[in-house]
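Take a look at the letters that make up each chain.
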Amino acid sequence: MTEKSLNLARLDYSVLQQCMHCGLCLPTCPTYDASKLERNSPRGRISLMRAIADGEMDITKAFGEEMYFCLGCLACSTACPANVNYAELFELARADIESSGILANPKRNFIRWLTVKFIFTHPLILRMTGRLLYFYQISGLERLLRKMGVIALLPRSLRDLEPFTPRVSRHFSDALIKKTEAPSQRLYRVGMLTGCMQDLIYSHVNRDTVDVLLAHDCEVFTPRLQFCCGSLHAHNGELELARVMARRNITSLETLAGPLDKLDAIISNAGGCGSHLKNYGHLLQNDPCFSARAALWSEKLKDIHEWLAIIGIRRPTGLCSPERITYHESCHLCHGQKITKPPRDTLRTIAGLKLVEMSESNWCCGSAGIYNITQPKTSKKLLDRKLQHIKDTGATIVASANPGCSAQLEAGLRQAGSSVKVMHPISLLAAAFRSKQ
Amino acid sequence: MSPSITELISLLGTDRVLTNPEDLIPYSFDGTAALRQQPQCVIFPKTVEDIVGVLRVATTQRVPIVTRGSGTGLSGGSLPVKDCIVLCMVKMDQVLKLDEKNLSLLVETGVITQKIAEIAETAGLFYPPDPGSIKISTIGGNVAENSGGLRGLKYGVTRDYVMGIEVVLADGSVVWLGSQCVKDVAGYSMKDVFIGSEGTLGIITKVLLKLIPKPRVKKTMLATFTQMDAAGETVSAIIAAKIIPCTLEFLDKVTIRCVEEFAHVGLPLDAGAVLLIETDGHPAAVEEEAHLMEQIARQHGAYSVTVAKSAEEATKLATARRSAFSALARVAPTTILEDATVPRSEVAKMIRFIQEVALRHQLRIATFGHMGDGNLHPTFLTDERNATEMERVEDAMQEIFDFAIKLGGTITGEHGVGIAKKKFLPDAIGDQSLNLLRRLKTTLDPLGILNPGKIFDQ
């Protein structure tokens, strides 16, 4: 591959140069914290990218592995005084690694093709996969296989992952939410994004989000079949596919709700998706047909907690049963979108809940997209650390606003035999609104 | 593979000797702008015996050793030299003993400074030095650079908190310098020779730190001035009134604008200077001093003085100063943070001169820093790819250092000389002093294997 065909080399050099290697990212980086090796740190990785952009180093296997060892949690970008755009560097580096083929092998190629390129680009197939998994889980087949010890016959790596299989919801979002739902008195018009993981395993959170929006006088437009936001693709080196997903989602919402400038907001309730969805403007900036629409999309895109803070969150008159609650921050909500106060304010709005902060609430839980599959060891260590902090608070509920984190925490808590429940802040708020009726 | 690497691997094992380019490139720099040099290898000692063994290898093979902590230095002190071994201390990070009876803490030098502050805090004690990189810098790096921080005026710098050190000398002998005693005049105060020696005289492996009782209360205020001179006069008047506040920090006009654009803390954009003042100690004394300082600031032309009523408000006021560096760092691709220092009576004159130099050389220089102890941070906002601008930066820097020396000041207050300020050192300390430094270096490191070419050329 010639140097100039590399994303990293084509990038405006000032993005790389913005890193002044002061080292303030080091104490916030989970991988540096574990190894104390500069290579596993943000500034170390940036120095490698710079060496590649400068033509001093080729894209090597070690570099490829390093960039997939990075969680992409973006804790470094919160700590960075110089505002380095690590998210972009991370995506471009992984894209260069994929086009170089340096990590290619038949097993990896097949898994990437099946997940990133096939299942997650076809929403119907994704749902079909979800349906199969659902029947497997409720039919008793899963229990049977576990009991018979069939699971124990799996290779170690799969066996360890098996308990992390998320529980699939009975209904998808479009069975729970109508295309358009209007409040008695309309103040705002908003689009609603139901996500793919959220749709598959937490579709009730989407219903709860719509209920909360209705309680805030928002008319809600929810396209039937929605596509993966593309974060999975962008974070795994498939920027072109990410652009395809972005175009489809923009078109799909426009088809239902009309031009985007007629909407007051586009709502996401998943921290990881929201962070990527807000980036559509940048992602499609060179697409003549979409650049303006994507820019508008980015401007309108709001995390649900953020939106409630903007329009003024209403206090439900209903109560929750008194519970001690702690809040785990999704990396891409707090580091990616810099939203830290609104979710806490949401929880504080609910009478009956007592919010207790956990240590390192903004430290990654190890879910990190598909990191728990690709790097199970590191992921497990981070999960254990998180579970300990949750336990120390004595909370009975841990709130999390990202489906990846929720699934990871649920699996971890289940394995540890803990009775702590994982809930989305908006589900708790919706319950409080409902309990007054 | 070079013979020294083979020997190091047999000494430490492959895990603790890095030699691949992907591992070495991330160690080719420290926190200093525009300096890069790849080492031959990076090694991680865990014991003093490891280091003694490494020195034996380095001595027989004549390979230079550059000791490094977290690599946050701002003068190139831990920048590798060609073909060197980087001796990275971050894995020697045991906290050995907190002695509450003697108010001291014994640690290995890879311990992070923040952790030391936290340990002291949990025992109701206080470790005052707080360099900007406190969250990640190692205490060994702080001792080797004699780091400062925001509390220098009242509490001094790292040197004032070092009671003893363990050092491995170039010949492999291990010495302990200093003691648990507050008073100790047995022999030369050799520990002081190693504090601030930037890794050129020996490898510091343990530090015995002095802790002090934690001040009971703290009060924070922020004063805003139209003219920078008025802020300078306020500082002089506070000192003249026999008050030593723990923090006396200022921001100049350029910094104020950048901070306001970045942090929106409500600083008036037409302000010429802002002072952040903190006093701590006994509640009655703090109350009285805060009141007096507020009066003094108003008498000397402050057009607003905000006194924090709660800890939360105090944090908010301090945000302006704390975010200064972040606010400046995002303005330009290259940020060069300098630390010219002058006697505090000359601070206003020095700042005016820096502003004049910036104008004359068409550069953006923002100045903030520790007005109470005269330690300024003129910060160049530039771009290392622009060769002609970098030349003007060099010229401006030379003029600033010359002027600081003329005012009775120094070229570096807390960052060290390293490589970045090496060429300014002769003018700063004079030939005779420089000769003494050289003789000391030759005595302790006759083969010149410890961080060669730093501070001065041998």
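Residues numbered from 1 in each chain as written. Chains lettered and ligands numbered in written order. Predicted model: local features only at pLDDT ≥ 70, side-chain atom pairs only at ≥ 80, totals over all residues.

**Student:** Is there a simple way to explain the sheet that holds strand E17 (residues 364-370) of chain B in this structure?
**Tutor:** As a general point, the strands of a sheet are linked pairwise by backbone hydrogen bonds and lie either parallel or antiparallel. Residues and elements named next belong to chain B. Taking strand neighbours across the sheet as the criterion, the seven strands line up as E15-E12-E14-E13-E17-E18-E16 in an open arrangement whose pairing is antiparallel. Lying at the two open borders of the sheet, with one neighbouring strand each, are strand E15 (302-307) and strand E16 (334-337). Between one strand axis and the next, the sheet turns by 15 degrees as a mean value, whatever way the strands run. Of the pairings in the sheet, the one linking E17 to strand E18 (residues 375-382) comprises seven bridges and is antiparallel in character. (Pairing = 2+ DSSP bridges. Helix = DSSP H or I, 4+ residues; strand = E, 2+ residues; numbered from the N terminus. Axes fitted to C-alpha atoms, helices over the stretch in contact; angles between N-to-C directions.)

**Student:** Can you walk me through unusual backbone geometry in this structure?
**Tutor:** What is expected of a backbone is that most residues other than glycine have negative phi and most peptide bonds are trans. The phi dihedral of Glu360(A) is positive, around 50 degrees, even though this residue is not glycine. If you trace the backbone, Glu360(A) turns up in the loop between strand E7 (351-355) and helix H23 (371-374). The backbone of Leu103(B) sits at a positive phi, close to 50 degrees, despite the residue not being glycine. Considering the arrangement of structural elements, one finds Leu103(B) in the loop between strand E5 (95-99) and strand E6 (104-108). By C-beta crowding, Leu103(B) is classed as partly exposed, having 19 other C-beta atoms within 10 Å. (Buried ≥ 20, exposed ≤ 12 C-beta atoms within 10 Å, placed from the backbone.)

**Student:** Mind showing me how you'd approach the domain arrangement of chain B here?
**Tutor:** Many authors give the size of an interface as the accessible area that is lost as the parts come together. Residues and elements named next belong to chain B. According to the domain assignment, chain B consists of domain 1 (3-88), domain 2 (95-213), domain 3 (217-326) and domain 4 (332-423). When each unit is reduced to the centre of its C-alpha atoms, the spacing between domain 2 and domain 4 is 28 Å. At the interface, eight residues of domain 2 touch nine residues of domain 4. Here the side of domain 2 that touches domain 4 is composed, by residue class, of three nonpolar, three polar and two charged. (Domains from an automatic or database assignment. Contact = placed C-beta atoms within 7 Å. Nonpolar A, V, L, I, M, F, W, Y, C, P; charged D, E, K, R; others polar.)

**Student:** Could you clarify how one ought to interpret the pairing of E18(B) in this entry?
**Tutor:** Side chains on a regular strand alternate between the two faces of the sheet. Residue and element names in this part refer to chain B. Most of E18 is tucked away: eight of the eight residues are buried. Burial of E18 is two-sided: the residues Asn375, His377, Thr379 and Leu381 facing one way and the residues Leu376, Pro378, Phe380 and Thr382 facing the other way are all buried. Bridging between E16 and E18 involves four bridges; their strand directions are antiparallel. Residue pairing in the sheet places Thr335 in a bridge with Leu381 of E18. The turn joining E17 and E18, which pair antiparallel and follow one another in sequence, is formed by four residues; a positive phi near 75 degrees is taken by Gly374.

**Student:** It is not clear to me how the domain arrangement of chain A should be interpreted in this structure. Could you clarify?
**Tutor:** Residue and element names in this part refer to chain A. Domains assigned within chain A are domain 1 (3-100), domain 2 (107-162), domain 3 (173-310) and domain 4 (315-435). Listed per partner, the contact involves 27 residues of domain 3 and 24 residues of domain 4. Of all elements in the fold, only helix H13 (197-201), helix H14 (203-215), helix H15 (231-235), helix H17 (271-277) and helix H20 (304-311) reach the threshold of two or more residues within the side of domain 3 that touches domain 4. By residue number, the principal contributor to the side of domain 3 that touches domain 4 is H14, which donates seven residues. Partitioning the side of domain 3 that touches domain 4 into residue classes produces eleven nonpolar, eleven polar and five charged.

**Student:** Help me out: how do you make sense of helix H19 (residues 291-300) of chain A in this one?
**Tutor:** What sets the pattern is the α-helix's 3.6 residues per turn: residues three or four places apart point alike. Residues and elements named next belong to chain A. Taken residue by residue, H19 has Arg293, Ala294 and Trp297 as its buried positions. Projection of H19 onto a plane perpendicular to its axis shows the buried side chains occupying an angular sector of 95 degrees, all on one side. For H19, the secondary structure elements touched by its buried residues are helix H16 (239-257), strand E4 (265-268), helix H18 (280-283) and strand E5 (301-303). (Arc of directions from axis to C-beta.)

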